[in-house]
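Structural description and commentary
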Amino acid sequence: MLLFIIFLFCDLLMVGVFFAVYGGKRPYAEGMLLGVHLPQEAADQAEVVALMDTFRRRTRRFYLVNLILGVAVCLVAFWRFSPFLILWCLWLVEFVIGAQWLLLGTHRTLYDLKMARGWVVGEPATFAAADTRASAQRRGPGLVWHLLPCGLILTTLLLPGVRDFLLTQGSGWGLLGSGLAISLTLWALHAVLSRRGNKVYSQDTAVNQAVNRLERQVWGWTLLLSSLFNAAACWSAAWWMARAHWVGHTAYGIYLVLELLPAAILLTGMLGMARRRRQILAADPVPLVVDDDVYWRKGWYENPNDPRWLVQDRLVPYNYSMNMAKPGAWGGTIALLAGVGILLVG
């Protein structure tokens, strides 16, 4: 029963998060529709409206079907674990690939339609401009604050009961080790994002300052809070090791719930940031529109003229994408996908 509840909760959360990120409303904003630069009159054309209506219908159907499939697969956990895990991994792969295929396929169709109709907005940019006047601004919590959650996780090893449990049982190393790896990863991600250049959204420096400050502060606080809840999950597991000398289903359940809270924090922060960002840019009287769609035509960023390795994603503005024209970008992506595949198979 506990296994069913845990995976059911994960599936519902996963489908909800993907729908919010990839399947939500796609209004015409910042001179773009579905990540493609278009004039306002082009976005109102009947063929574009029909394409977006078809995308919305297919999106709703896809997520509804996968929500039902995700629940149905969890029911197999009442029968046998091995068939359930195989079916769940297959469903997960189908769901992730399908969600990306649906979004990127529609994006490419809209881009091809734009080029066929000649709806080009200006000249393609070699790489994004930078507003150096927008650099001196508050950037949210400092990187040094990430020492707190990492230190909290390491202090669990000071508890005598935890040390005895790890030396005799050994089953708790995975929980504490993965927790420390998560906090270190969040720390590294915060460091990368805090050092990226300021993106230019407008000819008005004040607007660029407001948006860049918003993004840095939201990313900084959400990553730090996520790391703190991750540390809390490790401490919950350590308490069971020290007091009960056992890590059972209840301990794993509490650990999993606490580890899922960072996902909720990140999602809430990103959606709030995107909404506030749209509000700021919608009120901008002098927006800067640069048509660089040619570098996003494949659904990912590929610009050999851009010195950046990491760029803000076009389809999901609060996400980041690698510049796939850089040496090693494809190798790193394949290695990451292979690692995930090994974890699922293992």
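**A few points about the overall build of the protein chain**
When you go through the protein chain residue by residue, the secondary structure sums to 10 helices and 4 strands. Reading the protein chain from its N end, one meets helices and strands in the order α-β-β-α-α-α-α-α-α-α-α-β-β-α. Relative to the globule expectation of 20 Å for 346 residues, the C-alpha radius of gyration of the protein chain, 23 Å, shows essentially globular dimensions. Taken along the three principal axes of its C-alpha coordinates, the protein chain extends 70 × 50 × 35 Å. Across the 346 residues of the protein chain, 42% fall into the buried class. In the protein chain, of all internal contacts separated by at least 6 residues, the share reaching a separation of at least 24 is 73%.

**Thoughts on the nonpolar core**
Nonpolar side chains tend toward joint burial in soluble globular proteins. Grouped together as the largest cluster of nonpolar side chains are 40 residues, with contacts concentrated most on Tyr63, Trp88, Trp91, Phe95 and Leu110. Mapped by element, the contributors of at least two residues to this core are α1 (2–22), α2 (40–43), α3 (46–75) and α4 (81–117). With sequence-adjacent residues up to four places away left out, Tyr63 is seen in contact with Val15, Phe18, Phe19, Tyr22, Gly23, Phe95 and Ala99. In terms of nonpolar packing, the next biggest core, distinct from the first, is built from 16 residues, Ile153, Phe165, Leu175 and Leu176 among them.

**Points about a nonpolar patch on the surface**
On the surface, a nonpolar cluster with roughly 570 Å² of combined accessible area is contributed by Val144, Trp145, Leu147, Leu148, Leu152 and Trp235. Among the elements that take part in the nonpolar patch, helix α5 (residues 147–155) stands out by supplying 3 residues, more than any other. For Leu147, the location among the structural elements is in helix α5. A relative accessible area of 47% means that Leu147 is categorised as partly exposed.

**Remarks on the packing of aromatic side chains**
Under the definition given, this model contains 12 aromatic pairs. An angle of 80° between the planes, with centres 5.2 Å apart, marks the rings of Phe7 and Trp88 as edge-to-face. Residue Phe7 is located in helix α1, and its partner Trp88 is located in helix α4; the two are separated by 81 residues in the primary sequence. Neither Phe7 nor Trp88 differs from the other in exposure class; each is buried. Ring centres of Trp239 and Trp240 lie 5.4 Å apart, and the angle between their planes is 85°; this geometry places the pair in the edge-to-face category. A relative accessible area of 22% places Trp240 in the partly exposed class. One aromatic cluster in this structure is built from Phe18, Phe19, Tyr22, Phe62, Tyr63, Trp91 and Phe95.

**Remarks on the environment of Arg275**
Among the structural elements, Arg275 can be located in helix α9 (residues 249–282). Separated by 135 residues in the primary sequence, Arg275 and Gly140 place their C-alpha atoms 19 Å from one another.

**A word on a positive patch on the surface**
On the surface, a cluster of positive charge is contributed by Arg57, Arg58, Arg60 and Arg61. Locating Arg58 in the fold gives a position in helix α3. Under the relative-accessibility criterion, Arg58 is labelled partly exposed at 47%.

**Considerations on the pattern of salt bridges**
Enumeration according to the criterion identifies 6 salt bridges in this entry. Note that Glu47 and Arg117 form a salt bridge whose closest N and O atoms lie 2.9 Å from each other. One end of the pair, Glu47, is in helix α3; the other, Arg117, is in helix α4, with 70 residues separating them in the sequence. Among the residues examined, Glu47 registers a relative accessible area of 30% and is labelled partly exposed. The exposure class assigned to Arg117 is partly exposed, which follows from its relative accessible area of 44%. A salt bridge links Arg56 to Asp53, with the shortest nitrogen-to-oxygen separation between them at 2.5 Å. Highlighted residues: Arg56 and Asp53, both in helix α3, separated by 3 residues, approximately one helical turn. Asp53 sits in the partly exposed class, given a relative accessible area of 30%.

**Some points on α4**
Between its first and last C-alpha atoms α4 spans 54 Å; for 37 residues at 1.5 Å apiece the expected length is 54 Å, and the two agree. Directly beyond the C-terminal end of α4, a positive phi value near 75° is found at Gly118.

**Description of the packing of α5 against helix α7 (residues 173–194)**
Remark: α5 packs on α7, axes separated minimally by 10 Å, with the N-to-C direction vectors making an angle of 170°. The pairing of α5 with α7 is recorded here as roughly antiparallel in orientation. Residue-level contacts link Leu147, Pro149, Cys150, Ile153 and Leu154 of α5 to Leu176, Gly179, Leu180, Ser183, Leu184 and Trp187 of α7.

**A few points about the side chain of Lys114**
Here Lys114 lies in helix α4. Engagement of the side chain of Lys114 in a polar contact is seen with the side chain of Asp293, the distance being 2.5 Å. Excluding anything up to four places from it in sequence, Lys114 contacts Val36, His37, Leu38, Trp119, Val120, Asp291 and Asp293.

Cut-offs used in this document
Here the residue numbers are simple positions, counted from 1 along each chain's written sequence. Thresholds applied to this predicted model are a pLDDT of at least 70 for local features of residues and 80 or more for the giving and counting of side-chain atom pairs; totals over whole chains, interfaces and linings are not thresholded and use all residues. To get the side-chain values, take all heavy atoms of the structure and skip hydrogens and water. To qualify as a helix, a DSSP run of H or I must reach at least 4 residues; to qualify as a strand, a run of E must reach at least 2; elements of each kind are numbered from the N terminus. For a compact globule the rule gives 2.2 Å times the number of residues to the power 0.38, and the radius of gyration it is set against comes from C-alpha atoms. Relative accessible area decides the class of each residue, using a 1.4 Å probe on protein chains only: under 20% of the type maximum gives buried, over 50% gives exposed, and in between gives partly exposed. Here a residue-residue contact requires only that any non-hydrogen atoms of the pair lie within 4.5 Å. What we call a nonpolar core is a set of buried Ala, Val, Leu, Ile, Met, Phe, Trp, Tyr and Cys residues that are connected through their side-chain atoms within 4.5 Å. Only residues whose relative accessible area exceeds 30% and that form no salt bridge enter a patch; like-charged residues are grouped when within 9 Å of one another, and nonpolar side chains (Val, Leu, Ile, Met, Phe, Trp, Tyr) when within 5 Å. Each accessible area value is a Shrake-Rupley result obtained with a 1.4 Å probe; residue values ignore everything except the protein chains displayed when judging cover. Throughout this description, the term salt bridge denotes a Lys or Arg side-chain nitrogen within 4 Å of a carboxyl oxygen of Asp or Glu. A pair of Phe, Tyr and Trp rings is counted when the ring centres sit within 6.5 Å of each other, with Trp represented by its six-membered ring. The angle between the planes then sorts it: under 30 degrees is stacked, over 60 is edge-to-face, the rest tilted. Think of it this way: Lys and Arg go in the positive column, Asp and Glu in the negative one, and His and the chain ends go nowhere. Here the site of a charge means atom NZ of a Lys, CZ of an Arg, CG of an Asp or CD of a Glu. To estimate how far a helix should reach, multiply one less than its number of residues by 1.5 Å. Think of each axis as a best-fit line through the C-alpha atoms, taken over the contacting stretch in the case of a helix, with angles from 0 to 180 degrees between the N-to-C directions. If an angle is under 35 degrees, it is roughly parallel; if it is over 145, roughly antiparallel; if it lies from 65 to 115, roughly perpendicular; otherwise it is oblique. Pairs of N or O atoms within 3.5 Å make up the polar contacts considered here, provided that, within protein, one atom can donate a hydrogen while the other can accept it, and that residues adjacent in sequence are counted only when both atoms are side-chain atoms.

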